[in-house]
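Okay, here's what each chain looks like letter by letter:
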Amino acid sequence: IKAAVAKALNDPSTQVRLQALQGVAKLNLDDQISAVTRMINAQEISVSKASFDTLLSLVSSGHKSAVAAALSDIKKTTSSTVKIKRIDEFLSQNC
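Just so you know, these numbers come straight off a predicted model, no measurement behind them.

(A) Expanded view of helix α6 (residues 81-94). Taking 1.5 Å of rise per residue, the 14 residues of α6 would be expected to cover 20 Å, and the 20 Å separating its terminal C-alpha atoms lies within 8% of that figure. Listing the buried residues of α6 in full gives K83, I87, F90 and L91. Angular distribution of buried residues about the axis of α6 spans 95°; they occupy a single face of the element. Exposed positions of α6 whose direction lies more than 90 degrees from the buried face are T81, V82, K85, S92 and Q93.

(B) Fine view of the pattern of salt bridges. This model, assessed by the stated rule, comprises 4 salt bridges. Notably, a salt bridge pairs D53 with K49, separated by 3.4 Å at the nearest N-O pair. Taken together, the residues span about one helical turn, with D53 and K49 both in helix α4 (residues 45-60) at a distance of 4 residues.

(C) How the structure looks around the packing of aromatic side chains. As enumerated under the stated definition, the model contains 1 aromatic pair in all. Taken together, a centroid distance of 5.7 Å and an interplanar angle of 40° make the contact between F52 and F90 tilted. Pair noted here: F52 is in helix α4 and F90 is in helix α6, with a separation of 38 residues, a long-range link. The class of F52 is buried, set by a relative accessible area of 4%. Overall, the relative accessible area of 2% leaves F90 in the buried class. In this arrangement the basic side chain of R86 is found over the ring face of F52, its NZ or CZ atom lying 4.3 Å from the centre.

(D) How the structure looks around the nonpolar core. Counting 28 residues, the largest nonpolar core has L55, V67 and L71 as the members making the most contacts within it. Elements supplying a minimum of two residues to this core: α1 (2-8), α2 (14-27), α3 (33-38), α4, α5 (64-76) and α6. Among the elements that make up this core, the one with the highest residue count is α4 (6 residues). When residues no more than four places from it in sequence are discounted, the contact partners of L71 are T37, I40, L55, I87, F90 and L91.

(E) Just the side chain of R17, in detail. Along the chain, the position of R17 falls in helix α2. For R17, the side chain forms a polar contact with the main-chain oxygen of D11, separated by 2.9 Å. Setting aside residues up to four positions removed in sequence, R17 forms contacts with A8, L9, D11, P12, M39, A42, E44 and V47.

(F) Representation of the packing of α5 against α6 within the structure. The geometry of α5 relative to α6 is characterised by a closest axis approach of 10 Å and an angle of 160° between their N-to-C directions. In terms of axis orientation, α5 runs roughly antiparallel to α6. Here α5 runs over α6; the crossing is left-handed. Together, K64, V67, A68, L71, S72, I74 and K75 of α5 and I84, I87, D88, F90, L91 and N94 of α6 make up the contact between the two elements. Of the residues in the contact of α5 with α6, the class split is 8 nonpolar, 2 polar and 3 charged.

Cut-off values and rules
Every residue gets a number counted from 1 within its own chain, in the order that chain's sequence is written. Totals for whole chains, interfaces and linings use every residue, but because this is a predicted model, local features are given only for residues with pLDDT of at least 70 and side-chain atom pairs only at 80 or more, for both listing and counting. Working from all heavy atoms in the structure, the side-chain values ignore hydrogens and water. Helix and strand definitions follow DSSP, with helices as H or I runs of at least four residues and strands as E runs of at least two, each counted in order from the N terminus. Expected span of a helix, by definition, is 1.5 Å for each gap between consecutive residues, and there is one gap fewer than residues. When accessible area is computed with a 1.4 Å probe and restricted to protein chains, residues below 20% of their type maximum are described as buried, those above 50% as exposed, and intermediate ones as partly exposed. What the arc measures is the spread of directions leading from the helix axis to the C-beta atoms. In what follows, salt bridge is the name for a side-chain nitrogen of Lys or Arg lying within 4 Å of a carboxyl oxygen of Asp or Glu. Here is the rule: rings of Phe, Tyr and Trp (six-membered ring for Trp) pair when centre to centre is within 6.5 Å. Planes less than 30 degrees apart are stacked, more than 60 are edge-to-face, and the remainder are tilted. Sitting over a ring, as applied to charges here, requires NZ of Lys or CZ of Arg to be within 6 Å of the ring centre and within 35 degrees of the ring normal. Throughout, nonpolar core names a set of buried Ala, Val, Leu, Ile, Met, Phe, Trp, Tyr and Cys residues whose side chains join them through atoms within 4.5 Å. Contacts are residue-level and defined by heavy atoms, with any inter-residue pair within 4.5 Å sufficient. Here a polar contact is recorded for every N or O atom pair within 3.5 Å, except that within protein the pair must consist of a potential hydrogen donor and a potential acceptor, and residues adjacent in sequence are included only if both atoms are side-chain atoms. A fitted line through C-alpha atoms serves as each axis, taken over the contacting stretch for helices, and the angle formed by two N-to-C directions is quoted from 0 to 180°. Orientation is classified from the angle alone, with under 35 degrees giving roughly parallel, over 145 giving roughly antiparallel, 65 to 115 giving roughly perpendicular, and any other angle giving oblique. Handedness of a helix crossing follows the sense of rotation of the near helix relative to the far helix, less than a right angle counterclockwise being left-handed and clockwise being right-handed. We call Asp, Glu, Lys and Arg charged. Ala, Val, Leu, Ile, Met, Phe, Trp, Tyr, Cys and Pro are nonpolar, and the rest, Gly among them, are polar.

Nothing here speaks to function; it is all geometry.
Pasting the structure below:
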């Protein structure tokens, strides 16, 4: 199941990726944190928003430091000022 969820995170279908994000949260797949943070930069707003929801779930499950580190890394390669601001807000409120 974990491998299927990980594969689905890269699916071209928005709906499949959204379901995969929910799967990461429900299964507490901390090994997928970096993949989830990369999805913040998805063109689909729904996928970007869902990635933050999944990260919040992972923070709540005890993976605060791993999420914070992954967000700091992805922030370096994010060009959207709106998404950078959202990352900063998430970090200050949850990490």
